[in-house]
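This is what each chain is made of:
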Amino acid sequence: MALPGLAGSGLSSRGPLDEAEAAAEEHEAPAVVAAGALPQDDEEDEGRGRGLLRWDGFSAWLHCVCVVGFDLELGQAVEVIYPQHSKLTDKEKTNICYLSFPDSNSGCLGDTQFCFRFRQSSGRRVSLHCLLDQFDKDLPVYLKDPAYFYGYVYFRQVRDKTLKRGYFQKSLVLISKLPYIHFFHTVLKQIAPEYFEKSEPYLEAACNDVDRWPAPVPGKTLHLPIMGVVMKVRIPTCHDKPGTTQIVQLTQQADTHISVILPTVHEVDLFRCFCPVFLHSQMLWELVLLGEPLVVMAPSPSESSETVLALVNCISPLKYFSDFRPYFTIHDSEFKEYTTRTQAPPSVILGVTNPFFAKTLQHWPHIIRIGDLKPAGEIPKQVKVKKLKNLKTLDSKPGVYTSYKPYLNRDEEIIKQLQKGVQQKRPSEAQSVILRRYFLELTQSFIIPLERYVASLMPLQKSISPWKSPPQLRQFLPEEFMKTLEKTGPQLTSRIKGDWIGLYRHFLKSPNFDGWFKTRRKEMTQKLEALHLEALCEEDLLLWTQKHTEVETVDLVLKLKNKLLQADREHLPVKPDTMEKLRTHIDAIILALPEDLQGILLKTGMT
């Protein structure tokens with residue numbers, strides 16, 4: 001229901017009588033970006049070089065902080081961008097404007113937190129904000145998302161008779177490349193309420209605290225102070241055992257100053273999100289695994305964003321390679337692309353709250369309609385699977401609207417276990433652990449046969465010759481893989497029966513398989529390059545040069561130098577002593593050449 005007096009874009013007073021017309025009107029309303037920004041201090045104004053260096057620490061965590069307000073005449077507007085040198089394109093600012101406020105029908109009074117995700121503008125120049133890139137190689141693949149920004153929102157709407165509109169409406173938004181949902185929501189909980197009381201100086205002080213944080217190095221446990229609170233967190237690494245959260249504990253006397261301990265930086269409350277649909281959680285796991293088009297229709301951005309993130313998270317440690325939008329509006333720059341009826345719905349998961357989408361996305365094959373998510377301990381009524389043709393009205397009841405028939409039989413054991421937890425009032429956190437372990441075992445049972453087959457495509461180590469290019473991986477042949485399932489299929493690790501073969505055939509045509517296989521192929525190709533480097537290091541290269549011409553020797557040096565640069569650039573899995581041996585080989589070869597050639601080769605780059 002719309003709140004009284006909320007006219008304008010984003011939070012309108014229009015009724016639901018003609019949502020299509022209302023949405024069309026809203027779609028024309030321009031998002032405005034105010035010119036205001038927090039002032040830079042004198043030290044920063046002295047020189048851009050010094051200023052940027054000062055913000056290196058901040059840039060490792062955040063791209064910028066925005067304050068989005070509501071202007072009675074202009075609509076939603078970015079009032080503040082901090083630090084001032086942060087670069088956002090007009091398209092990015094417009095997306096932030098509209099994604100930072102709930103839709104008019106949400107009626108969110110008080111404080112609301114949610115998350116959104118949007119594409120970075122193409123052609124964005126690589127800058128100091130890519131400081132994190134050096135850590136990427138140690139991050140789990142599902143936490144690498146370089147082409148997108150995440151927006152973490154703390155929205156406040158309260159009655160205020162002193163304002164023309166009768167309401168104070170403002171959002172504090174953290175923009176980051178890091179998908180650390182739980183962490184940034186916790187940061188906002190700490191700083192947003194006081195920001196709304198103390199305004200810009202408080203925000204500047206908070207940003208200065210972030211700038212002093214250590215870099216988010218995977219595997220490190222960090223103490224992060226912000227405005228008098230110290231948070232203790234651990235950044236995940238690809239070497240962590242799947243399914244084991246490295247919970248940070250108060251273990252030493254020195255930890256008594258810690259205010260907040262986060263057991264995870266990125267995970268959401270899985271059971272709370274799946275609670276209304278946990279009877280169908282296995283079917284939803286299949287839909288996400290297969291990259292099927294999926295819409296979550298929710299009453300507010302909090303419910304939509306949490307549910308979309310939970311869906312994406314349910315196939316972890318497999319990465320969801322298609323697009324997903326935790327909160328999507330009619331103003332989004334991809335609105336037309338994703339709602340067109342001229343082609344099949346794309347492989348994407350959308351979280352929406354505007355009733356207009358019930359009409360616009362009616363042709364989508366899978367729609368989850370949820371009510372308000374209950375607080376921990378309260379269990380909503382379980383929704384049913386319904387036929388899509390029943391989704392006709394804007395007030396359709398909660399349910400999973402799909403004609404999809406799951407490939408696997410439903411696992412009754414996990415349902416009994418979760419239902420027992422509900423009856424015994426088991427905490428939501430404990431239920432989430434059970435559900436997350438179930439999804440992990442399901443995903444691993446599915447992916448292990450693929451991993452085993454792909455490993456067999458790797459050439460034997462004895463086929464690697466230092467004097468030839470590294471051998472190629474064998475081709476992935478779907479039918480050859482299918483034959484392996486009879487003896488080494490998921491039946492070895494999973495009790496679930498069903499059409500696993502059909503599920504694999506469907507998966508091999510999905511974006512998730514394409515993304516997974518490209519990642520694995522890249523890793524294996526890099527491993528072959530690393531083994532080739534090690535084979536080269538074991539050779540007596542100086543002896544080789546004595547049997548070959550100067551031209552061939554110079555060619556060898558240049559190739560070896562390129563190998564070194566490649567190993568550094570692509571973060572090849574090479575042992576440190578291998579790199580050192582190779583440098584020693586190069587130095588020895590160059591010193592054995594005539595002085596004029598030595599000078600030329602030493603100038604061609606690092607040795």
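Conventions adopted
- One numbering rule holds for all chains: residues counted from 1, following each sequence as written.
- In keeping with the model being predicted, local features are shown solely for residues with a pLDDT of at least 70 and side-chain atom pairs are shown and tallied solely at 80 or more, while totals for entire chains, interfaces and linings include all residues.
- For the side-chain quantities, the full set of heavy atoms in the structure was used; hydrogens and water were omitted.
- Strands are runs of DSSP state E lasting at least 2 residues, helices are runs of H or I lasting at least 4, and numbering of each runs from the N terminus.
- Note on classification: 1.4 Å probe, protein chains only; a residue is buried when its accessible area is under 20% of the maximum for its type, exposed when over 50%, partly exposed between these limits.
- Note on contacts: a residue pair is in contact if any heavy atoms of the two residues lie within 4.5 Å.
- Residue-level accessible areas treat just the shown protein chains as cover; the underlying method is Shrake-Rupley with a 1.4 Å probe.
- Strand pairing is assigned whenever DSSP detects at least two bridges linking the two strands.
- Orientation is described by axes fitted as lines to C-alpha atoms, over the contacting stretch for helices, and by angles from 0 to 180 degrees between their N-to-C directions.
- Identification of polar contacts relies on pairs of N or O atoms within 3.5 Å, with a donor-acceptor requirement for protein atoms, meaning one able to donate a hydrogen and the other able to accept it, and with residues adjacent in sequence counted only if both atoms are side-chain atoms.
- Only buried residues count toward a nonpolar core, which is a set of Ala, Val, Leu, Ile, Met, Phe, Trp, Tyr and Cys residues joined through side-chain atoms within 4.5 Å.
- Aromatic contacts are taken between Phe, Tyr and Trp rings whose centres are within 6.5 Å, Trp giving its six-membered ring; a plane angle under 30 degrees counts as stacked, one over 60 as edge-to-face, and the others as tilted.

Visitor: Quick question: what am I supposed to make of the overall build of the chain here?
Guide: A count of helical and extended segments in the chain gives 22 helices and 15 strands. The buried share among the 607 residues of the chain stands at 53%. Nonlocal contacts in the chain, meaning residues at least 24 apart in sequence, comprise 73% of its contacts between residues at least 6 apart. As displayed, the chain has an accessible area near 28500 Å², and 54% of this comes from carbon and sulfur atoms.

Visitor: When you look at the pairing of strand E12 (residues 348-352) in this model, what are you seeing that I'm missing?
Guide: On a regular strand, one side chain projects to one face of the sheet and the next to the other, so that they alternate. When you tally the buried positions in E12, you get five out of five residues, the bulk of the element. Side chains Val-348, Leu-350 and Val-352 of E12 all project onto a buried face; the interleaved residues Ile-349 and Gly-351 project onto the opposite face, where all are buried too. Looking at chain direction, strand E10 (residues 294-297) and E12 are connected through four bridges and run parallel. By the bridge assignment for E12, Val-295 is matched with Leu-350. Across three bridges, the pairing between strand E11 (residues 323-325) and E12 is parallel. Among the inter-strand pairings, Arg-325 is bridged to a residue of E12, identified as Leu-350.

Visitor: Which parts of the structure should I look at to understand the sheet that holds E12?
Guide: Remark on secondary structure: sheet strands pair via backbone hydrogen bonds, oriented parallel or antiparallel. The strand order across the open sheet built from six strands is E11-E12-E10-E13-E15-E14, with neighbouring strands paired in mixed fashion. Pairing within the sheet leaves two strands with one partner each, and these edge strands are E11 and strand E14 (384-386). Taking the axes of each pair of neighbouring strands and ignoring which way they run, one obtains an average angle of 15° across the sheet. Note that strand E13 (residues 366-369) and strand E15 (residues 399-402) share four bridges and pair antiparallel. Paired with Ile-368 across the strands is Val-400, a residue of E15. Sheet strands in contact with helix H10 (residues 281-289) are E10, E12, E13, E14 and E15, and its direction is about 50° off that of E15. The strands touched by helix H11 (residues 301-313) are E10, E11, E12 and E13; relative to E12, the strand with the most contacts, the crossing angle is about 160°.

Visitor: What's the story with the sheet that holds strand E7 (residues 221-226) in this structure? I'm lost.
Guide: Strands sit in the order E7-E8-E9 across an open sheet of three strands; the sheet is mixed. With one partner strand each, in any of the chains shown, E7 and strand E9 (260-261) form the two edges of the open sheet. Running at roughly 175° to strand E8 (residues 229-234), helix H7 (residues 181-198) makes contact with E7, E8 and E9 of the sheet.

Visitor: What am I meant to see in the side chain of Gln-282 here?
Guide: You can see Gln-282 is positioned in helix H10. Since its relative accessible area comes to 6%, Gln-282 is described here as buried. Within polar-contact distance, the side chain of Gln-282 engages the backbone nitrogen of Asp-411 at 3.2 Å. At a separation of 2.6 Å, a polar atom in the side chain of Gln-282 contacts the side chain of Tyr-438. Not counting the four nearest positions on each side in its chain, Gln-282 is found in contact with Leu-408, Asn-409, Arg-410, Asp-411, Tyr-438, Leu-442 and Ile-496.

Visitor: Whenever I open this one, the nonpolar core confuses me. Can you help?
Guide: Ranked by internal contacts, the top residues of the largest apolar core, which has 106 residues, are Trp-61, Phe-183, Phe-274, Trp-285, Phe-446, Leu-450 and Phe-476. By residue number, the principal contributor to this core is helix H15 (residues 428-455), which donates ten residues. Within the second largest apolar cluster, 22 residues are counted, among which are Ala-567, Leu-572, Leu-593 and Leu-601.

Visitor: It is not clear to me how the packing of aromatic side chains should be interpreted in this structure. Could you clarify?
Guide: Each pair of aromatic rings is reported with the distance of its centres and the angle of its planes. In the structure shown here, the tally under the stated rule is 37 aromatic pairs. Pairing Phe-328 with Phe-357 gives two aromatic rings, centres 6.0 Å apart and planes at 50°, and the pair type is tilted. Placement of the pair is Phe-328 in the loop between E11 and helix H12 (335-339) and Phe-357 in helix H13 (residues 356-360), with a sequence separation of 29 residues. On the basis of relative accessible area, Phe-328 is assigned to the buried category, the value being 0%.

In short, geometric facts, not functional conclusions.
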